[in-house]
Amino acid sequence: MKRILLLFLLMSISATVSVTASVAQTGRAKYSLNGIVQTEGGEALQTAIVTIKENNTLWKETDRNGAFEFKLAKGTYTLVVSLTGYRTLEKKIRIDADSRINIILAEQAENLDAVTVVGKSKAQLLKESALSVNALNIRPVINSTHNINAIVNKTTGVRVRETGGVGSDFELSINGMSGNSVRYFIDGVPLSSKGSGVNLANLPVNIIDRIEIYKGVVPAYLGADALGGAINIVTKEDKSNYLDFSYGYGSFQTHKTDFNARYVTKGGLIFKPTVGVNYSKNDYKMKSVEVWSEEEGNYVYQERKRFHDDYFSVFGQLEVGVTNKKWSDAFFVSASYSKVDKELQTGSIQSIVYGEAERKSDAGNISATYRKKDFIFDKLQFNAVASYTWDHSRTIDTAFRKYDWNRNYILTTRNEITGDSKSIRHYKRPRAVVRANADYPINGNHSFNLNYLFNRLGNERYDQVDKSFTKTNDVLANHILGLSYNQILFDGKMNNVFFVKDYIDYLVVRQRDEYWVSGSDKVDEKSVKVYWGYGAALRYSLSEEISFKASYEHSVRLPLGNELLGNGITVLPNLTLKPENSENFNIGVFGSARISDKHLFNYEADGFIRDASDYIRAVLSERDGLMQYENVSSVKIKGIEGELSYNYSDILKFILNCSYQDARDMNKYKEDGKASITYKNKLPNRPWLFGNAELDLYFRNVVGRGDRLRVGYHYQYMHWFYLTWEAYGSLDGKSKIPTQHQHNAVVSYSWKNERYNLSLECNNIFDKALYDNFMLQKPGRSLFLKFRLFIN
Amino acid sequence: MKKFKFLLFAVMAMLTLVFSSCGKEDNPSLSPDPEPNPEPENPVEKYFDLWVAAGTDEVSYLVKNVPDVSDPGLVIDYKNTGADITAKLDEEIIFKDGYYYEIPISGDRFGKYRIYDGKLTTIAERPFQNNTYKTYRYTHCWLDKNTLCIMAYNGNSQAPGIIWTKLNATDMTIIAEGQLEGVEIDAENGFYFSTSGIAKYRESDGYIIYMTQKKSKFWSNDFNVIFIKASDMSVKCDIKETRVHTMAGTAYGELLQDKTFWDDKGNLYVACNTERTDASSYTEQVGNLLRINKGEFEFDKNYMGHNYPAGKLVTSTYMGNNKAILYIQDPVHTGASGWGNNYNCYFAILDLTTDQRTEIMYNGKPLPYSQGTFAQFAVVRDGKLYLATNPEKEAPGIYIYDIASGNVAKGLSIQEGYAFRRLVPMERVVE
């Protein structure tokens, strides 16, 4: 609590000093530049970014009237105005008195990729904020993208470990913090509100504008109790009507189709339907699986096709609402449905073969969103979301069969996954989410933000077949309050953010069976606990070529329902789990250098420390394919990472990034209170060195006017690592996860101003056996052809 | 027809009487030892395998061969030495004549392995044929020097049964397998068997003595002993024992720990435990030894060993001369604060004739109290008792008790930081 008071004091002093400084600066000769950004038809354009090119840390976002305002000293400036869906505009302006300017942006069928935009995208501006963040513009790659995980996996410091093909389970780590330490959001609301089956791998790509990946320090307005970071998916908010449809077909009988549209009736009612469907047979060849050879009297390694890994997902959503009303800038109600059917092929290692077990989930959601500027009083921007989700998942394990890779089976007396009785395990997890956010700018340089997030998760579980299974109905609820203060000083050269978060955790536990596993005998039936988090971030720009940033957060992450309560099949409950704590530090330098109009270099180098205690990790039981989340008392991760990019005009783009992470076990003592031999040892079974190189070439007017051809190549490297502790036991016999060299290529062609788009992607060109996890092979070479129609 | 039915009924009744009566059977065999030592022509290398665990949550299991554990100056470290078996095997493993036998973590086969000189080598593997087992949740017994019998609960609570598989230990081929017939269970009311149970083979008359609990969702306060004719796996009888709550091991057989032993006369002793009357958790128990006398088909109603008010029996190993070494959990005795992961275990010799329990002393003081109730720390070999400990105030190590003289000497130590898990006597025929 003392630390929080200290932070408040710091915020107050900082606010006082900075307001004084701001007033002093204002006292110098400064003129007001007011402006409005409009369409050619005179419609105000909200959320356009207006940047002063001579000092690109100075930028404003237009309000719902399309208005912006700068305070500028006498001189000549270049305004750069950009907005998704419109052509970026540059305009020179001489300031020697208070001025006013009208800017008209021309529509563009589709915003081209980042290299064509001289003005800064929101993603770029976010990258240049005080926080440590990767911001990805999805639009430039939307024509060829069919899996968000693949895009995210290319970014600095992020690693996605997949267990198989399309729809497989995956674990995403940000700066070494993985799994459930990372929280996912869609437009600031927990992604899980769309249903437990909806994730980065199956969310319709076409609805996404950009993805924000916050590393270590998570802004308070997300309301996240994330330890390692957060991913916020920002959906597109096009102003005009459009229809966006795509269909793709690929190897292993993979189909993917997305549909997304916006239509406004004459009465101003807006309809936004979204549909996304994924299907894959996932029948790729496993390169070296153990197969029994009767002739040799031994197991031999052979190629076999996966035979029970079908994956089907569907996501449908309809949003209906209005914008720019007196009572609301935007009000939408939406209903969505998601369904995931997944066959299970293997256990935790590929020699555990399943042939019948399945997992299914259905979820329905209704939600309402409300946004209003000048809410109650002037300049207060308020937005709120209320959402309710019905979520029902089942794991079906009713076959008394033991399969092998020949698809042969023997009849047994055990189910496939747990080796017990036949089971159809049901989980009903209703989720209620309420988010309210108020943002108040004192002036152009100072603002406060207050965020409240309520998350309530029920967990009713029962078994349809196994009558020995005990029915339970647990409740997990938490309230997260976040207050942040943002300041911009020295003409935008400095940006500081201070924040505090309050986490209130409420738990009702009724499951009392298998207490020796779940620890249910050690927890009260009802409990309320309060935890605090706080942090600050700073960015100072010396020039466009060099800026520094640093950030810190004392983060708290409450255990998820899945971690605490298990999933009844592969994840065991652990009701004694405590929240994770971590001291997260980031420091970085970044900048860009433009050599003439053609050559643009961007660089970023960061260092980070994550000092986590009571760290929650899924402890894989090699024994029987089960996992249980446990508090690992302390883990310290240090790392460095860097990215370099080069753009040549609008025809070449090259990105190179590399991440190094050093994760150490900081458990000084074993359970018995004595010293642990692995103290300060490098943690096993985690990638620690990886990187990406990407080259894209763009050709325009290849066949006809307005067409565009993109040829891209991507290389991904992951250094090998040991499955178990490196320092103990003979190195000769140790199991390793081998080095990955993955080569991918893409050709994408767009014509009629990107109305029609066709792309062909080849992943794992050299058909290597790739592993993210021990003995869980990913797909070999695969092709994916995608057609996209975009009409607006 | 009525006569025929009556005759049939009479024959069935007689057969039932014959096969369910648990009287003494005559059998000329005298040898009680179910696991005869091989008599190799080649020299035999004797050594110990020292099993340790490294890490707190991410645990690696490491094994090192040590020929002589008696050197007090020797400190065993596993820093880039020893075999890391984590990716393939569990620590709950069967050993015999220099080989290990296990259903590995793939859970689909029977395997024979060698862990030697820092390497794990697969000698033979065979896939399951009919019966399937869960990894490390089965019990075993040796029917002869080359026939291994695996047994376990079949896992199906709707139709519970006890499955068995006989294996040729040379190449792990399946000799025979099936499910016991004639064992009653009240499945309709949710009763099923212990996960593994415990099996012992009585060579003197060719019976497998199998102990299991017939329990519902929660713990049962009794257990059953089933006598099975090993040659055809027919059930002779099934006896309920109510004097104690359970045999000391229900889920992992004796894959890791000794729970039973034969004395010199061929009597079988079984470590058992009963929940304490003042227990706050079921795991807080007090132990007794029960006995099945040679040739008998029931527990000796007149015998209950280890008649003490406190002391949960963790392991029990016969050391000869009608004495057994017990590894006992008792936080009051050791002064530990509780039952969990505290230093609450000690070694004591139990005289099976007098029931006198004598704690093992070293230099006039009790052997350091040890932590670890899921470990095997007592080994008898060549007139000596090797006792491993995980003490609080000193490094894990071995003490050697000379059975003839009663002298205790300090042996080697394990580098601080590892959790000592298992001491395994190995004998390897040098080829």
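Residues numbered from 1 in each chain as written. Chains lettered and ligands numbered in written order. Predicted model: local features only at pLDDT ≥ 70, side-chain atom pairs only at ≥ 80, totals over all residues.

Chemist: What am I meant to see in the overall build of chain B here?
Modeler: From N to C terminus, chain B includes two helices and 33 strands. Within chain B, the fraction of its 431 residues that count as buried is 47%. By sequence separation, contacts in chain B at least 24 residues apart represent 53% of the contacts at least 6 residues apart. (Helix = DSSP H or I, 4+ residues; strand = E, 2+ residues; numbered from the N terminus. Buried ≥ 20, exposed ≤ 12 C-beta atoms within 10 Å, placed from the backbone. Contact = placed C-beta atoms within 7 Å.)

Chemist: How do you make sense of the overall build of chain A when you look at a structure like this?
Modeler: The helix and strand tally for chain A stands at five helices and 47 strands. Its C-alpha atoms put chain A at 90 × 65 × 55 Å along the principal axes. Across the 792 residues of chain A, 48% fall into the buried class. Within chain A, contacts between residues at least 6 apart in sequence are counted, and of these 65% link residues at least 24 apart.

Chemist: Would you mind going over the sheet that holds strand β23 (residues 312-320) of chain B with me for this structure?
Modeler: Where strands meet in a sheet, backbone hydrogen bonds hold them as pairs that are either parallel or antiparallel. Residue and element names in this part refer to chain B. Read across the sheet, four strands follow the order β23-β24-β25-β26 without closing on themselves; strand pairing throughout is antiparallel. Strand pairing shows two members of the sheet lacking a second neighbour, β23 and β26 (357-359), which therefore form its edges. Each neighbouring strand pair of the sheet contributes to a mean axis angle of 30°, computed without reference to strand direction. Pairing geometry for strand β25 (residues 345-351) and β26, over three bridges, is antiparallel. Along β26, the bridge assignment pairs I349 with T358. (Pairing = 2+ DSSP bridges. Axes fitted to C-alpha atoms, helices over the stretch in contact; angles between N-to-C directions.)

Chemist: Looking at this model, I keep getting lost on the domain arrangement of chain B. Mind explaining?
Modeler: In many reports, interface size means the accessible area that the parts give up when they come together. All names here are of chain B. Splitting chain B by domain gives domain 1 (128-255) and domain 2 (257-374). A straight line from the C-alpha centre of domain 1 to that of domain 2 covers 23 Å. Counting from both sides, the interface comprises 22 residues of domain 1 and, opposite them, 24 residues of domain 2. Those elements giving two or more residues to the side of domain 1 that touches domain 2 turn out to be β14 (198-202), β15 (207-212), β17 (223-229), β18 (234-241) and β19 (246-247). It is β18 that contributes the most residues to the side of domain 1 that touches domain 2, four residues altogether. Broken down by class, the residue content of the side of domain 1 that touches domain 2 amounts to 11 nonpolar, four polar and seven charged. (Domains from an automatic or database assignment. Nonpolar A, V, L, I, M, F, W, Y, C, P; charged D, E, K, R; others polar.)

Chemist: Would you mind showing me how to read unusual backbone geometry here?
Modeler: Trans is the common state for peptide bonds, and a negative phi is the common state for residues other than glycine. For D491(A), which is not a glycine, the phi torsion comes out positive at approximately 55°. Mapped onto the fold, D491(A) is located in the loop between β30 (472-489) and β31 (494-508). Backbone geometry at D355(B) places phi at a positive 65°, although glycine is not the residue there. By secondary structure assignment, the location of D355(B) is in the loop between β25 and β26.

Chemist: Before we go on, may I ask you to explain the interface of chain B and chain A in this structure?
Modeler: Between chain B and chain A, the residue contacts involve 50 residues of the former and 50 residues of the latter. Of all the secondary-structure elements, those providing two or more residues to the side of chain B that touches chain A are β2 (60-66), β4 (83-84) and β8 (119-127) of chain B. Top contributing element to the side of chain B that touches chain A by residue count: β8(B), with four residues. Looking at side-chain class alone, the side of chain B that touches chain A contains 12 nonpolar, 27 polar and 11 charged residues.

Chemist: So what exactly am I meant to see when it comes to the sheet that holds β8(B) here?
Modeler: All names here are of chain B. The four strands lie next to each other as β5-β6-β7-β8, forming an open sheet whose pairing is antiparallel. The strands lining the two open edges of the sheet, one partner per strand, are β5 (94-96) and β8. Here the average twist between neighbouring strands, direction ignored, is 25°. With eight bridges connecting them, strand β7 (residues 109-116) and β8 associate as antiparallel partners. From the neighbouring strand, I115 faces β8, where its bridge partner is L120.

Chemist: Could you clarify how one ought to interpret the domain arrangement of chain A in this entry?
Modeler: Each assigned domain of chain A is listed with its residue range as follows: domain 1 (2-116) and domain 2 (122-791). The distance between the C-alpha centroids of domain 1 of chain A and domain 2 of chain A comes to 33 Å.

Chemist: I'm lost on the nonpolar core in this one. Help?
Modeler: Taken as a class, soluble globular proteins show a tendency for nonpolar side chains to be buried jointly. Among the nonpolar cores identified, the biggest contains 110 residues, and V52(B), M151(B), I208(B) and L387(B) are the most heavily contacted of them. What L387(B) contacts, discounting residues up to four positions off in sequence, is F347(B), I360(B), L367(B), F377(B), A378(B), I398(B), Y399(B) and Y401(B). A130(A), V189(A), I208(A) and A663(A) belong to the second largest nonpolar core, which has 71 residues in total. (Core = buried A, V, L, I, M, F, W, Y, C linked by C-beta atoms within 7 Å.)

Chemist: When you look at the pairing of strand β29 (residues 378-381) of chain B in this model, what are you seeing that I'm missing?
Modeler: Successive residues of a regular strand alternate their side chains across the two faces of the sheet. All names here are of chain B. The sheet contact formed by β29 and strand β30 (residues 384-389) spans four bridges and is antiparallel. Paired with R381 across the strands is K384, a residue of β30. Between β29 and the antiparallel strand that follows it, β30, lie two residues; D382 among them carries a positive phi value of about 50°.

Chemist: It is not clear to me how the environment of Y409(A) should be interpreted in this structure. Could you clarify?
Modeler: Residues and elements named next belong to chain A. By the element assignment, Y409 lies in strand β26 (residues 409-411). Put simply, Y409 and Q317 are 92 residues apart on the chain and 41 Å apart in space, counted from C-alpha to C-alpha. In this structure Y409 touches G355, R401, K402 and Y403, once residues within four positions along its chain are discounted.

Chemist: Looking at this structure, how should I read the pairing of strand β33 (residues 547-557) of chain A?
Modeler: Residue and element names in this part refer to chain A. Bridging between strand β32 (residues 526-541) and β33 involves eight bridges; their strand directions are antiparallel. If you follow A536 over to β33, its bridge partner there is Y552. Counting the residues between successive antiparallel strands, the hairpin from β32 to β33 contains five residues.

Chemist: Which parts of the structure should I look at to understand the environment of S634(A)?
Modeler: Tracing the sequence through the fold places S634(A) in strand β37 (residues 627-648). If near-sequence neighbours (up to four positions away) are discounted, S634(A) is found in contact with A612(A), S613(A), Y615(A), M666(A) and N667(A).

Chemist: How should the environment of I398(B) be read in this particular structure?
Modeler: Residue and element names in this part refer to chain B. Relative to the elements of secondary structure, I398 occurs in strand β31 (residues 397-402). Judged by the 27 C-beta atoms lying within 10 Å of it, I398 is buried. As a C-alpha pair, I398 and Q158 span 240 residues in sequence and 47 Å in three-dimensional space. Excluding residues that lie within four positions of it along the chain, I398 makes contacts with V69, Y386, L387, A388, G411, L412 and L423.

Chemist: Honestly, the confidence of the model for chain B in this entry has me stumped. Any pointers?
Modeler: Note that predicted coordinates carrying low pLDDT should not be read in detail. Residue and element names in this part refer to chain B. Across chain B, the average pLDDT comes to 90, with 90% of residues at or above 70. Note on residues 1-21: pLDDT is under 50 here. Beyond four places in sequence and across chains, it has three contacts. Quick note on the complex model: pTM equals 0.86, ipTM equals 0.87. (pLDDT = per-residue confidence, 0-100.)

Chemist: What is the right way to read the confidence of the model for chain A from this model?
Modeler: Residue and element names in this part refer to chain A. When pLDDT is averaged along chain A, the result is 87; 91% of the residues meet or exceed 70. Per-element confidence in chain A ranges from a low mean pLDDT of 49 for helix α1 (residues 2-27) to a high of 97 for strand β22 (residues 330-343). Note on residues 15-27: pLDDT under 50 across the span, and 10 contacts to partners over four residues away in sequence or across chains. This stretch, residues 109-118, has a pLDDT under 50; its non-local contacts, to residues over four places away or in other chains, come to 23 contacts.

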